[in-house]
Amino acid sequence: MRELLGRFIRRTAQTLRLMVGVGDYDGYLEHVRRHHPDQEPMTRSDYFHYCQSARYPTRDGAIKRCPC
Amino acid sequence: MLATLRQFALWSLVVLLAVLAFAQLALARGEPVSALWLVVAAVAIYTIAYRFYARFIATKIMQLDDRRLTPAERHNDGLDYVPTHKWVLFGHHFAAIAGAGPLVGPVLAAQMGYLPGTLWILFGVVLAGAVQDAMILFASTRRDGRSLGEMMRLEMGNTAGLIGMTGILAIIVILLAVLGMVVVKALAGSAWGLFTLLATVPIALLMGSYSRWVRPGRVIEVSLIGFVLLMMALVFGNMVAQHPYWGELLSLQPATLALGLIAYGFIASVLPVWLLLAPRDYLSTFLKIGTILALAVAILIVAPPLKMMAVTQFIDGSGPVFAGSLFPFLFITIACGSVSGFHALVSSGTTPKMLERESHIPAIGYGAMLMESFVAIMALVAACVLEPGVYFALNSPAALIGNNVEEASRVISSWGFAITPEILTQMAKDVGESSILSRTGGAPTFAVGMAKILSDVIGGQALMAFWYHFAILFEALFILTTLDAGTRVCRFLIQDLLGTAIPILGNTRSWTANIVATSLAVSGWGWFLYQGVTDPFGGINSLWALFGIANQMLAGMALMLATVILVRMQKMRYIWVTALPATWILLVTLYAGWQKIFSSDVKIGFLSHAKRFSDAISRNEILPPTTSMAQMQQVMLNDYIDAVMAGFFVTVVVTMLFFALRAALRAHNNSEISTSESPIIWRQQEFA
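In short, a report on the structure. None of these values were measured; they are calculated from a predicted model.

## Quick notes on the overall build of chain A
- From N to C terminus, chain A includes 3 helices and 0 strands.
- In chain A, the succession of α and β elements from N to C terminus is α-α-α.
- For 68 residues, the compact-globule estimate of 2.2 N^0.38 gives 11 Å, and chain A exceeds it by more than 25% at 15 Å.
- Along the first, second and third principal axes, the C-alpha set of chain A runs to 45 × 40 × 20 Å.
- A burial count over chain A gives 35% of its 68 residues as buried.

## As for unusual backbone geometry
Residues and elements named next belong to chain B.
- A cis amide bond links F327 to the next residue, P328, at an omega of 5°.
- Along the chain, P328 turns up in helix α14 (residues 326-333).
- Cis geometry is found at the peptide bond from P624 to P625, where omega equals 5°.
- Tracing the sequence through the fold places P625 in the loop between α27 (606-618) and α28 (629-670).

## With respect to the nonpolar core
Residues and elements named next belong to chain B.
- The biggest cluster of nonpolar side chains holds 262 residues, and the ones touching the most others in it are I174 and A393.
- When residues in this core are grouped by element, the largest group, 22 residues, is from helix α22 (residues 464-501).
- With sequence-adjacent residues up to four places away left out, A393 is seen in contact with I401, A408, I412, I419, L424, I436 and L437.

## Some points on the interface of chain B and chain A
- Across the contact, 49 residues belong to chain B and 35 residues belong to chain A.
- Elements that contribute at least two residues to the side of chain B that touches chain A include exactly α4 (86-97), α8 (158-187), α10 (219-242), α13 (277-302), α15 (342-347) and α22 of chain B.
- A breakdown of the residues in the side of chain B that touches chain A according to their chemical character gives 27 nonpolar, 18 polar and 4 charged.

What counts as what
- Residues numbered from 1 in each chain as written.
- Chains lettered and ligands numbered in written order.
- Predicted model: local features only at pLDDT ≥ 70, side-chain atom pairs only at ≥ 80, totals over all residues.
- Helix = DSSP H or I, 4+ residues; strand = E, 2+ residues; numbered from the N terminus.
- Rg over C-alpha atoms; globule rule 2.2 N^0.38 Å.
- Buried ≥ 20, exposed ≤ 12 C-beta atoms within 10 Å, placed from the backbone.
- Core = buried A, V, L, I, M, F, W, Y, C linked by C-beta atoms within 7 Å.
- Contact = placed C-beta atoms within 7 Å.
- Nonpolar A, V, L, I, M, F, W, Y, C, P; charged D, E, K, R; others polar.

Here it is, written out as structure tokens:
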């Protein structure tokens, strides 16, 4: 039960973050450790800045969310 | 056997419920119907559509196969391509498609009664809007998460892709002007509203700095801090509005507000994103999601009666809110709640890059759009729980109902919606404003309706003004974020176009190029906004129609692309799934576009309106409510420019139709599967 609640809270927080374009940092760390053990992962702060620059309009003019 | 029977019984019950709800809505004449019936009808239709139609599309057309690796798995980099839990991604996708549009369109459409709007919101979403979102998400997923523009180029040719992108630039310009207009109409002469909105700027700057230097990445924490500050500003705003000096100072004229918005748009969009745009985005996204949930719960608790009739006499096109008859204008007025072209851009954006399994497409593509449609239903409820007289007082232009409550109530009562000056004055007092007359644009109506419903749950009459300004704040906050982000999108599109001619202007790192392109973008939407505010015939009346045409045009383009893809997949048997909604939308857009340009009714046609003014100018006569020859000239020029815009949108649709037909015909003659799907990579057997 406790585990279930913990997972629910984690997922909710993850959803809220992803709603504003900030991905799952722990998942990213896990990914780099498993698949690219030779690489140094970004710090939490760098990862956050990466997500921010990816979300808002950049060169390709892609629209990440409905403006209307 | 028993399970099948139970299934059958369950779904028969749902169908029965839908029929019962529609019977209540359509047949109950005379006495008010409970808004709950609207909710029941909507939810029943959504469940049936999701269970049967979405599943049909998924199995027969998409043939989703979880053994195929999705782009998120193939390119998993832990950053952009990340397999994401189904419901987490659903939240992301819904937050990305949910905007201010579904809150405005249905409110305007309520002038024809609640029934026409409800029917189009429900059947439009099930047969067109959700189909479009799901099909584009599917197409993009099968193509490594390519964007809409790239897919248009791939499936329909380079020229089609280029025309599509130019169309998108024009839509954004009109859209930003319309949204700016909504803010101006909601905040003109409202010191409380303006103060709260201004307060969001320092709050956002504070949040941005906190996220940059103090605790980066703590999004939820910083949003909570921002939310608390925002609520304090909201409460404090009332005192500011009461203050003799500050209250007066912050009660601005529409034209001043428009200029302020234009200046804001320019400054905000050249600042770094982390400073202002990102923190505003957090606030507006969470506020929006929270408000939607709160409103849904409140409607269920209060079950307010719908005061608006099912159908009003204005279906004939003589309505004060927008001109034009039910067909085609209802269908372009309710834009985003039933089908929105912008969703095709979102569905081919970040979502396909995070999809964990193909079988999640119906829930995320189709399901999230059903949710969006439900937001539109709630906006319709908010407008229809008001006394019809109050609704028309809020939404009719001053040119029709005058500037004081006596005249307004006399005119509106003469239309058959009885209302007294006392009620209008009392309503303005209840929501803490000096007047509620002619607050067009949808946002104030939605805010009054929402305040009425929410104050029934929490706070009663005493909190009504608070809830009203809360609703205004959340819409204005959202729109200002969009003005900022949208100006940036335009800037990059313009730099892309200019860069081909003058390379230095294409350099996105150059400050000069940035300033030049941003100025062009801002003056584009700024011009439409300013003329909309100053022109007595402009405003929501002409701009929302242009926006509706443009947004439906984009949806038409996306559905045409989906149809071409079906032909290329050799799915001729099922082509009607996208071809029918595409045809309907083209019919509506082209007919509405044609009427907006050429109709001989001066209330609808831009050209006949311009002619009326040019004739008067040649007779040296000034037509009220214009006051000078110069203003007459301006009105005429605005009409011509609006006509050109409408003509441009119509041309884009027709050209895209040509390219779509050509691509479809070629693929049909080919008789082999010819899509540009990425090659299949099968999942390694997990349980082998």
